[in-house]
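Observations on chain architecture
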Amino acid sequence: MLELKNVSRNFGGLQALSNVNMVVPKGRVVGLIGPNGAGKTTLINNISGLDHPNSGAILFEGVDLCKAPPHVVTRAGIARTYQNIRLFGEMTVLENLLIGQHGRGRATVFEALAYLPRYRREEAALRERARTLLERFQLERFAHMRASALPYGDQRRLEMARALATGPKLLLLDEPTAGMNPAETSALGEQVLRLRDEGMTILVIEHDMSLIRQVCDEIYVLNFGQIIAHGDPDEISHNPLVIEAYLGEEDDGAA
Amino acid sequence: MDSGQQFLQQLINALSLGTIYSLFALGYALVFSVLGVLNLAHSAIFTAGAVIGLLLMRYVNASAPVAFLGAMIGAGLLGIILEWIAFRPLRKRGAPRISQLISSIGAAILIVNGFQLLFQSLFGRTEEYFPRGIVAEQPILIGSLSIQPIRLIILVVSLALMLLLQFLVRRTKVGMAMRSVAFNQRTSSLLGVNVNWVFMLTFFLAGALGGAGGLLYGLSFSRVTPFMGQDIALIGLTAIVLGGMGSIQGAVLGGFLVAIFQTFSIALGGSSYRDAFVFIILFLILLVRPQGLLGQPEQNRA
Amino acid sequence: MNFLGSIGISEAVIQFMLVNAILGLSIYVTLYTGMFTLANAGFMAIGAYTGVLLTQQLDWPLWAGVIGGMVAAGVIAVPIGLPVLRLRDIYLAIATIGFGEVVRIVLLNFDQIVSSLIELTTGERTRFALVNGARGIRGIPKLTETWHLVFFVLLLAYVLYRLHRSRLGRAMAAIRQDELAAANMGIDVVYVKNVVFVLGAMIAGAAGVFSGHLTRIITPDAYGFSQAVDILAFAVLGGTSTLVGPIVGGMVLGALPEVLRFMQQYRGLFNGLVLLLFIVYLPGGLINPAGWSSLWRQARRERSSQGETLPEAS
Ligand SMILES: Nc1ncnc2c1ncn2[C@@H]1O[C@H](COP(=O)(O)OP(=O)(O)OP(=O)(O)O)[C@@H](O)[C@H]1O
Ligand SMILES: [Mg+2]
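Residues numbered from 1 in each chain as written. Chains lettered and ligands numbered in written order. Predicted model: local features only at pLDDT ≥ 70, side-chain atom pairs only at ≥ 80, totals over all residues. Heavy atoms only, no water.

1. Here we look at the overall build of chain C
The following threshold applies: Elements are defined by DSSP. Helices are runs of H or I of four residues or more, strands are runs of E of two residues or more, and each kind is numbered from the N terminus. When we talk radius of gyration, it's over C-alpha atoms, and the globule rule is simply 2.2 Å times the number of residues to the 0.38.
In terms of helices and strands, chain C carries 13 helices and 0 strands. In chain C, the succession of α and β elements from N to C terminus is α-α-α-α-α-α-α-α-α-α-α-α-α. Here chain C has a C-alpha radius of gyration of 21 Å; the compact-globule value for 314 residues is 20 Å, and the two agree. Taking the principal axes of its C-alpha atoms as reference, chain C extends roughly 85 × 55 × 30 Å.

2. A look at the side chain of E218(A)
Residue and element names in this part refer to chain A. We apply this condition: Polar contact is the term for a pair of N or O atoms within 3.5 Å; when the atoms are in protein, one must be able to donate a hydrogen and the other to accept it, and sequence-neighboring residues count only if both atoms are side-chain atoms. Any two residues having at least one pair of non-hydrogen atoms within 4.5 Å are treated as being in contact.
Mapped onto the elements, E218 comes out in strand β9 (residues 218-223). A polar contact of 2.7 Å, which involves the side chain of E218, links it to the side chain of H230. Ignoring any residue separated from it by four or fewer positions in sequence, one finds E218 in contact with V23, P25, R28, V29, V30, G31, H230, G231 and D232.

3. Remarks on the nonpolar core
Applied cut-off: Residue types Ala, Val, Leu, Ile, Met, Phe, Trp, Tyr and Cys, when buried and joined through side-chain atoms within 4.5 Å, form a set referred to as a nonpolar core. Any residue under 20% of the maximum accessible area for its type is buried, any over 50% is exposed, and the rest in between are partly exposed; the area is computed with a 1.4 Å probe on protein chains only.
Core analysis: the largest hydrophobic core is formed by 211 residues, its most contacted members being L38(B), F43(C) and I187(C). Each residue touching F43(C), except ones within four places of it in the same chain, is listed here: A73(C), I76(C), A77(C), F99(C), F197(C), A201(C), A204(C) and G205(C). Counting residues in hydrophobic clusters, the runner-up holds 44 residues, among them A143(A), A163(A), I212(A) and V242(A).

4. Describing the site of ligand 1
Put simply, the rule is: We call a residue near a molecule or strand as soon as one heavy atom of that residue lies within 4 Å of the molecule or strand. Only the protein chains shown count as cover for residues, and all accessible areas are computed by the Shrake-Rupley method using a 1.4 Å probe.
Close to ligand 1 lie 14 residues; G37(A), K40(A), T41(A), T42(A) and Q83(A) are nearest. Nearby residues around ligand 1 are contributed by chains A and B. At a separation of 3.2 Å, an oxygen atom of ligand 1 approaches a polar backbone atom of A38(A). At a separation of 2.7 Å, an oxygen atom of ligand 1 approaches a polar side-chain atom of T41(A). Within the complex, 75% of the 640 Å² of free accessible area of ligand 1 lies under protein.

5. Here's the deal with the interface of chain B and chain C
The test is simple: When a carboxyl oxygen of Asp or Glu is within 4 Å of a side-chain nitrogen of Lys or Arg, the pair counts as a salt bridge. Lys, Arg, Asp and Glu make up the charged group, whereas Ala, Val, Leu, Ile, Met, Phe, Trp, Tyr, Cys and Pro make up the nonpolar group; the residues left over, Gly among them, are polar.
At the interface, 40 residues of chain B touch 38 residues of chain C. One salt bridge in this structure joins R97(B) and D89(C), with 3.3 Å as the shortest N-O distance. Counting across the chain B and chain C interface gives 4 residue pairs in polar contact (both at pLDDT 80 or more). Elements represented by at least two residues in the side of chain B that touches chain C include exactly α3 (64-93), α4 (97-123), α9 (228-243) and α11 (274-288) of chain B. Per-element accounting of the side of chain B that touches chain C gives the leading share, 14 residues, to α4(B). The class makeup of the residues in the side of chain B that touches chain C is 27 nonpolar, 8 polar and 5 charged.

6. Examining the domain arrangement of chain C
This is how it is decided: Domain delimitation follows an automatic or database domain assignment.
If you check the domain split of chain C, you get domain 1 (2-281) and domain 2 (289-314). Of note, the centres of domain 1 of chain C and domain 2 of chain C, computed from C-alpha atoms alone, are 39 Å apart.

7. What about the pattern of salt bridges?
Per the stated rule, a full pass over the model turns up 24 salt bridges over all chains. Among the salt bridges present, the one from E218(A) reaches R28(A), with a minimum N-O distance of 2.9 Å. Of this pair, E218(A) sits in strand β9 while R28(A) sits in the loop between β2 (14-24) and β3 (29-33), and the two are 190 residues apart along the sequence. A salt bridge links D154(A) to R157(A), with the nearest nitrogen and oxygen atoms 2.1 Å apart. Within this pair, D154(A) and its partner R157(A) are both found in helix α6 (residues 152-165), separated by 3 residues, close to a single helical turn. For the pair formed by D154(A) and R157(A), the shared burial category is buried. Three or more residues joined by partner-sharing salt bridges are found here, namely E123(A), R127(A) and R170(C).

8. A closer look at the sheet that holds β2(A)
Residues and elements named next belong to chain A. Here is the rule we go by: Only strands that DSSP links by at least two bridges are regarded as paired with each other.
Spatially, 4 strands are ordered β2-β1-β4-β5 in an open sheet, and the strand pairing comes out antiparallel. The open sheet has two edge strands with one neighbour each: β2 and β5 (63-64). Across 5 bridges, strand β1 (residues 2-11) lies against strand β4 (residues 55-60) in antiparallel orientation. Directly across from K5, in β4, lies its bridge partner A57.

9. Observations regarding the coordination of the magnesium ion (ligand 2)
All names here are of chain A. The following threshold applies: Donor criterion used throughout: N, O or S atom within 2.8 Å of the metal, extended to 3.2 Å for Na, K and Ca. Water excluded; incomplete-looking sites may result.
All of the protein donors around the magnesium ion (ligand 2) are T41 (OG1) and Q83 (OE1); their distances to the metal are 1.8 to 2.1 Å. Residue T41 is found in helix α1 (residues 40-48), and its partner Q83 is found in the loop between β6 (78-80) and α3 (93-100); the two are separated by 42 residues along the sequence. For T41, a relative accessible area of 21% corresponds to the partly exposed category. Exposure remark for Q83: the relative accessible area of 29% places this residue in the partly exposed category.

10. Quick word on unusual backbone geometry
Residues and elements named next belong to chain A. A positive phi is found at Y115, a non-glycine position, where the angle reads about 60°. With respect to the element layout, Y115 can be found in the loop between α4 (109-114) and α5 (117-136). Here Y115 falls in the partly exposed class, since its relative accessible area comes to 36%. In this structure, E175 is a non-glycine residue whose phi angle is positive, near 50°. Judged by relative accessible area, E175 falls into the buried class, the value being 10%.

11. Details of the packing of helix α2 (residues 42-59) of chain B against α9(B)
Residue and element names in this part refer to chain B. Defined as follows: Inter-axis angles, ranging from 0 to 180 degrees, are taken between N-to-C directions of lines fitted to C-alpha atoms, where helices are fitted over the stretch in contact. By the definition adopted for this analysis, an angle is roughly parallel if under 35 degrees, roughly antiparallel if over 145, roughly perpendicular if from 65 to 115, and oblique otherwise. Crossing handedness is defined as follows: a turn of the near helix away from the far one that is anticlockwise and smaller than a right angle gives a left-handed crossing, while the clockwise case is right-handed.
The N-to-C vectors of α2 and α9 enclose an angle of 135°; their axes lie 8 Å apart at closest approach. With respect to their mutual orientation, α2 and α9 come out oblique. The interaxial crossing formed by α2 with α9 has right-handed handedness. Two secondary-structure elements touch here, α2 through S43, F46, T47 and A50 and α9 through M228, G229, I232 and A233.

12. Things to note about the confidence of the model for chain C
Residues and elements named next belong to chain C. Condition: Scored from 0 to 100, pLDDT reflects the predictor's confidence in each residue.
Predicted confidence across chain C gives a mean pLDDT of 88, with 95% of residues reaching 70 or more. In the model, residues 305-314 has pLDDT below 50 throughout and makes 3 contacts with residues more than four positions away in sequence or in other chains. Here the complex is predicted with pTM 0.91, and the ipTM for its interfaces comes to 0.90.

Next up, the structure:
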């Protein structure tokens, strides 16, 4: 489904990604791990169009997206969450989910201004979908609250709901459990598995190894911008290169 | 006069105008590099320099050098006051930098209108001339070139001030503190640099330079108006954008380039398009190379 | 009307206030989208000149002049917006200040430019005279009526009200809050920004046409930097969290110097003070429901529960 070919990115001398090759097959949950500063977020930024590789190709369902702007990537079916939460804090939770569906609406501005039936039907449908997502992530009671007023864990879940609102085929999660307690973390893991069972493809960055073991079908390990290992969770945890890369960072992030 | 000499004459005019632009633009650049904000009230401080100089000459018969010093100090103090009322409260609140731009516009309007009222009550009109004979008026002849003494004075005084600033920023402890705050405010304050004090000092220096520029500008036309800063506000902005926002050398370079460009565009196309040329440069630079000639590009991070 | 008259608000003042309300809305749409531009005085000038020429030279009716002025401002906004809107905050502000100045200079020299163009192409020396440089256009018929303005403000308010509840309106708010995240929601940020910039230009252009047919004289210098700052002051005073804010801001700033006669001499001082004090002490402006209600809650809490401070996520 997603295929990276020799993707490289450097920031004025710093090689954040070098010749990354990676395949995310349809319907699988792929983990991406690596020490701090390894280039994981950079990789997700490049896939989602916020940043662009210096060389290489990013093929999504056979189409090269490496120069595509973010909204094109999203409309092609890739959605993401952020390591540092980036909700629209001044909007309500519901509105955040409406924004998520931006690319799916068809009514024109003029239909909206004239308050025509198609616009009204579409608004109702958008709201309905937003409600479904709220239920799915147990956020209904917050629907009309400002997103910035939500408790931290709920903000993370809202971000995931908002990403799903765009109607993606591939979901990129950047440390979705950062700052969550163990109970919240495993609940989120359940969500991820449920999404996979419904046919979603997921690429997840995580420091929390228990979550990685819980959800991932396969894992890539990134260190200094290079893929140093690839395999299923068991193989990875016994790979000497990986152990070496993580030396001294063992408990990092797994609060 | 042949065309070579005419060129030289023009060049000297351009250089003396350029030093004023550079002095003025340095004020914008200092504040932008240390605080990361654009102080649009800087043009009002420029005017303040000229006004203070004029008042000192008029009402206490100050000599030119004394008036000049007074203007620099007065304009510097005005800079500090501005920092207190228009910037510090917003910075404390962590307001976006556009808010600080707006408050500085407000301050500029306040100052300019204040001067307008002052002029009306003191002189009964909104322009005033310097007393005669403050600077020598007999043109200096070099070969067949005739140069106004004020132009030479401007050149020498401005260059001296720029060198002084360069020395201050590069070679002194105070300059070190300024540079470290410009580089990273948080770290500097952890290292024991008194950040607020550095900000005050920056505004004082910026104000003093702007004030000096204003007085020299006024002297070169021998006239002061409350609105003289408005003519030069955008020219100064063009200079710093051209040189690279927040770059000290860039501001100086930008000031000279704008002056040279202006002077020769008058020679080519007539004075009514002089300013249009400047704004076209401003536009082009912003679009093609927003970081300016000597600046580093800004990166955004997700 | 009698009461209003007694406090110095004549019909002419009301008309002036309504024009300000339109101008306030013109900058509101861009601010609402997170774009700080000071180009609206320039677009107002373009609208004013176009509209006035249409009614004066071609005898078109006012509404046709208004549409003409809006179209002219909108059309010019496209090639300006495309490159300039790639810039952010301070850089965008500087570029748009520059644009305003260019408009002013072009208007000052318009006749001369056209004359030399004619001379270049046909070789004939002519003295083209249409906008009369700094002297401006005089003797403009006073076509604008109060009800035109009331109608236009209401129409505009309705359009913006509906817009806020549309996809485009939500995209505008999203871009203001986080441009990159908005792009990742599938919003074409460049497109939305340009549409809004053009919309703001058209609104300013309409205000220009209306005001030109009120003041009956238009000169390039009336649309300089200080007009741009006045427009900004309307938005800052009223606040931009609702569309009522800039309307109120524009009307209040239009009325105050008339109500407080002694202020007339100090109008400039007052505008400066408004910008400074509001940005520093009341950044949400006068009309800011969320801000006021949280202030109110805070005050009540302080009174009711002394010493017992509950931490609240913000
Ligand atoms: N826009 C940028 N400009 C310059 N350098 C950058 C930029 N973005 C990232 N980097 C650098 O690239 C490297 C990789 O950063 P990245 O954020 O991708 O790491 P990461 O693997 O996500 O780390 P973490 O686990 O801490 O989130 C880091 O050294 C970082 O400083
Ligand atoms: Mg990261």
